[in-house]
There are 2 protein chains.
Amino acid sequence: LVSTGTARPAGGVDGILPTLRAIVGEQGWTDDPAKLAPHLSEWRGRVVGRTPLMLQPSTTEQVAAIVRTCAEARVAIVPQGGNTGMCAGAVPDASGAQILVQLGRLDRIRDVNVEDASLVAEAGCVLADVKSAACAAGLYFPLSLSAEGSCQIGGNVATNAGGINVLRYGTMRDLVLGLEAVLPDGSVLDNLRTLRKNTAGYDLKQLFVGSEGTLGIVTAVAVKLYPDPGPLQTAMLALDHAGAAVLALAKLRERMPDRLLAFELIGARPMDFVLRHIPAARNPFDLRYEWYVLLDAAVPAAELESALIDLAAQQRIADAVVAKSHAEQTALWRLRHSISEAERREGPGIKHDISVPVGAIQEFLDAAEERLRARVPQAEAVVFGHVGDGNLHYNAHLRRDVPDADLGRLGDELTRAIYELVTEMGGSISAEHGIGVLKKEALRRYGNPVALAAMRTLKAALDPAGIMNPGKVI
Amino acid sequence: LVSTGTARPAGGVDGILPTLRAIVGEQGWTDDPAKLAPHLSEWRGRVVGRTPLMLQPSTTEQVAAIVRTCAEARVAIVPQGGNTGMCAGAVPDASGAQILVQLGRLDRIRDVNVEDASLVAEAGCVLADVKSAACAAGLYFPLSLSAEGSCQIGGNVATNAGGINVLRYGTMRDLVLGLEAVLPDGSVLDNLRTLRKNTAGYDLKQLFVGSEGTLGIVTAVAVKLYPDPGPLQTAMLALDHAGAAVLALAKLRERMPDRLLAFELIGARPMDFVLRHIPAARNPFDLRYEWYVLLDAAVPAAELESALIDLAAQQRIADAVVAKSHAEQTALWRLRHSISEAERREGPGIKHDISVPVGAIQEFLDAAEERLRARVPQAEAVVFGHVGDGNLHYNAHLRRDVPDADLGRLGDELTRAIYELVTEMGGSISAEHGIGVLKKEALRRYGNPVALAAMRTLKAALDPAGIMNPGKVI
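Conventions adopted
Residues numbered from 1 in each chain as written. Chains lettered and ligands numbered in written order. Predicted model: local features only at pLDDT ≥ 70, side-chain atom pairs only at ≥ 80, totals over all residues. Heavy atoms only, no water. Pairing = 2+ DSSP bridges. Helix = DSSP H or I, 4+ residues; strand = E, 2+ residues; numbered from the N terminus. Axes fitted to C-alpha atoms, helices over the stretch in contact; angles between N-to-C directions. Contact = heavy atoms within 4.5 Å. Buried area = accessible area lost by both parts, 1.4 Å probe. Salt bridge = Lys/Arg side-chain N within 4 Å of Asp/Glu carboxyl O. Polar contact = N/O pair within 3.5 Å; in protein donor to acceptor, adjacent residues only side chain to side chain. Core = buried A, V, L, I, M, F, W, Y, C linked by side-chain atoms within 4.5 Å. Buried < 20%, exposed > 50% of the residue type's maximum accessible area, 1.4 Å probe, protein only.

> Please explain the sheet that holds strand 5 (residues 109-113) of chain A as it appears in this structure.
Where strands meet in a sheet, backbone hydrogen bonds hold them as pairs that are either parallel or antiparallel. Residues and elements named next belong to chain A. Spatially, 5-6-10-8-9 is the arrangement adopted by the 5 strands of the open sheet, whose pairing is antiparallel. The sheet terminates laterally at strand 5 and strand 9 (188-191), the two strands that pair on one side only. Pairwise comparison of adjacent strand axes, ignoring direction, gives a mean angle of 10 degrees for this sheet. Here 5 bridges tie strand 6 (residues 118-122) to strand 10 (residues 217-224), and the two strands are oriented antiparallel to one another. Looking at strand 10, one finds that Leu 119 is bridged to Val 223.

> Please explain the sheet that holds strand 1 (residues 29-30) of chain B as it appears in this structure.
Residues and elements named next belong to chain B. The strand order 1-2-4-3 describes an open sheet built from 4 strands, whose pairing is mixed. This sheet does not close on itself; its edge strands, each paired only once, are strand 1 and strand 3 (76-80). With 2 bridges connecting them, strand 2 (residues 54-55) and strand 4 (residues 98-102) associate as parallel partners. Note that in strand 4 the partner of Leu 55 across the bridge is Val 101. Lying on the sheet, helix 2 (residues 33-40) is in contact with strand 1, strand 2, strand 3 and strand 4; it crosses strand 4 at an angle near 85 degrees. Relative to the sheet, helix 3 (residues 60-73) contacts strand 2, strand 3 and strand 4, its axis offset from that of strand 3 by approximately 150 degrees.

> Sorry, what's going on with the interface of chain A and chain B here?
For an interface, size is often stated in terms of accessible area lost upon the parts coming together. Every contact between the two is made by 69 residues of chain A and, on the other side, 70 residues of chain B. Of all residues in chain A, the largest losses of buried area upon contact with chain B belong to Lys 197, Thr 199 and Tyr 202 of chain A, amounting jointly to 19% of the total for that side. The interface formed by chain A and chain B includes 10 salt bridges. In this structure, the salt-bridge partner of Asp 389 of chain A is Lys 197 of chain B, at a minimum N-O distance of 3.6 Å. In this assembly, chain A and chain B are joined by 34 residue pairs in polar contact (both at pLDDT 80 or more). Breaking the side of chain A that touches chain B down by element, the ones donating at least two residues are helix 6 (166-169), helix 7 (172-175), strand 9, helix 8 (205-208) and helix 17 (449-462) of chain A.

> Just checking my understanding: could you explain the nonpolar core for this structure?
The nonpolar side chains of soluble globular proteins are, as a tendency, buried together. Judged by nonpolar contacts, the single largest core of 206 residues is most densely connected at Phe 141, Phe 263 and Phe 364 of chain A together with Phe 141, Phe 263 and Phe 364 of chain B. Residue contributions to this core peak at 7 residues, all from helix 15 (residues 404-424) of chain B. With sequence-adjacent residues up to four places away left out, Phe 141 of chain A is seen in contact with Leu 127, Val 130, Lys 131, Ala 134, Ile 153, Met 172, Leu 175, Val 223, Lys 224 and Leu 225 of chain A. Ranked by size, the runner-up nonpolar core spans 27 residues in total, among them Leu 20, Leu 53, Ala 97 and Ile 217 of chain B.

Quick look at the structure:
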């Protein structure tokens, strides 16, 4: 367990608990340990915190009143959405002095505007519900990730969520038109406009996207909707090396520009884990290949099939299957979405969510393998990711014969090897998972000092008392 | 003439001039009034400033040394690119105490990476040259605006430039992958990465996009390139009312999703001005219509023609012409790109660069006409803009029989009427032209007070001595 280490003296907390409870009313708070438990622990159990009180406000005004109260008493606040983050950015520290503000009851879709192709959702709306609301209006909200059934749109904003459709539609930042946020002094920034263009002063919403609740609490967001891309075809490709995926992507993009919505790389090991641990998972091919690609394309089936036949004829891919039914599509995507769960069942792994320039993916994989062989030969890389945006989940498991006593040291050495390589290649140590608590030390070590200083300046300026999710990010 | 009013005491300037000259060398500075003149005046001559010295650094290190020197002496700096801005954000004030830093010699394309679909350009590269460099590599940089032959990419970043292809590719913000900037203390923020995904801390580059040189000087930028969209068809539509343009856009987008690159609305009056003042301009139709649309589509000519024939048959448009040659395309686009020049020749006008939600364009035009009729009946609206992103250049000319003594008062009343309406409708008083000096007072009046306070907090935190383009934006 990692205990987050930035506790403040608990002095002020107890005194404001009655005020905080009164702000939200009986339905809006709990200090019942059983009800608190799932909110205090990061989902893999790597960080467990404490809180005297979890608040579940149901209006923006309640959030503002909570923040004002905490600001006056200089009590720290931890905002939380669906608690599906990968870096423990949404759980309180171990001090028991941080108030948890869970946004799940701020769950109204405030508006869907077809003419304007926009939607306004409160922070606590589950991503899948936002997608459904867009769909019901005949439009499409593209953000898509494994946690979409439980993650919340406010958390997606706070972490600048990525996922499988970034290739075509960008990350959450690209989808946000406006937002409403409660600032660290309790004032409400109403920036909920749906304008496509606005240069009237600094674009403040950008500050909140990806700042993980450290600069304020996002309470609602206006997002872009897109035309329904039409029926999607799903295919899986089999490849002998990862570089073939980059080339296959380039070839397919030429043939169907803007119609490729997802292009996911899966290595042999994560596929093995899924086939081993996930009930009813099965390899769509008769053979085990070194690499697989899972793709969605908004083109007629015949067009995709003909493109894949050409790729195979040119020996650019080893094999391919196209899903023939919705059930087959679901089964293929289940392989991808089960990887994290399968990894968890396989045993403790070391996770990295890195990105490099798209053109450098094969170079990165070759260099990473070489460094691991030299520095941590006991490690086996477990690699999957998003070819189109250079984002690889470069995870690793240590062989089962490694003595328990060596696990920590070897894991650290492995992470150092990967992060050093990423940094040398101009990449990022966190492509889509954010920093939270778990990567804070890494950001300090590998981040650009001028950038880190500017981040600290921003944090100090907007949250001078340091009450907003302290101990996270910077 | 408007004189920008935030001069500081000139005490420190003279003392550092020798140091500043030494930093850039003989080729890099001038105080010759004739050479300075075009850099001291906004292009319409509405703001004219003074400076003791214009510096033209040729490296990022020189820019950093300039800023460090000015920061120590607390001397103000005004960064300038192509000086094509619409709000006088790039000219010094009248005090003669501000150093002008013109980026035109920082003009190298540092890298074009085809595999990665990215390009790195120094701030002083002319936009047209960046587009050519992308083209030479078989790729496409979509930012396109009337000033592209003289505006510079650093200025495009600083103002979050828009233009005609925002419909398909977004504004400059959407095209920036990374940037290099000199901060107000002279430190260099090297954020020049080409990553498609990065959540390692706050996304600092967003701060500099659209902040008009008030938070630092952008010295280089990494941008996204796109596949060449292929041959473009250009057409002009004739319409009886502006709402028909919104509907025509929706219909065409259904038929050719992602293939419509530009969709520009032009009212009858700006078209009249162009036909009157621009040599060789001619109306492609035999009749004068109330509204025109100019569009670019990356589809085969037959596909566009058939779509337009259907729109005409459904009486959604009154007429249409498709350019049959590159010369005809150029002639049609020249009508659009000549509007500002034609307006200037027509006489003094009142300019507004506003945006509303896309679905509300017709509602805005109707309400604006009504308010003008009631409040400034002497005004004639001159409207053109970008249908796809809700951005209208809602300009106006006062009738020639208005006495000179009334021009100022009526102009102010007209602007108030438009800005009040825009604000009521959740729109922006500056869609793509920024704030600069000319709209600073309007931002103060119509801006959200919480947002303005947050902007001032950011400015004070990042530029505590207030040396970066003081008197602009906020």
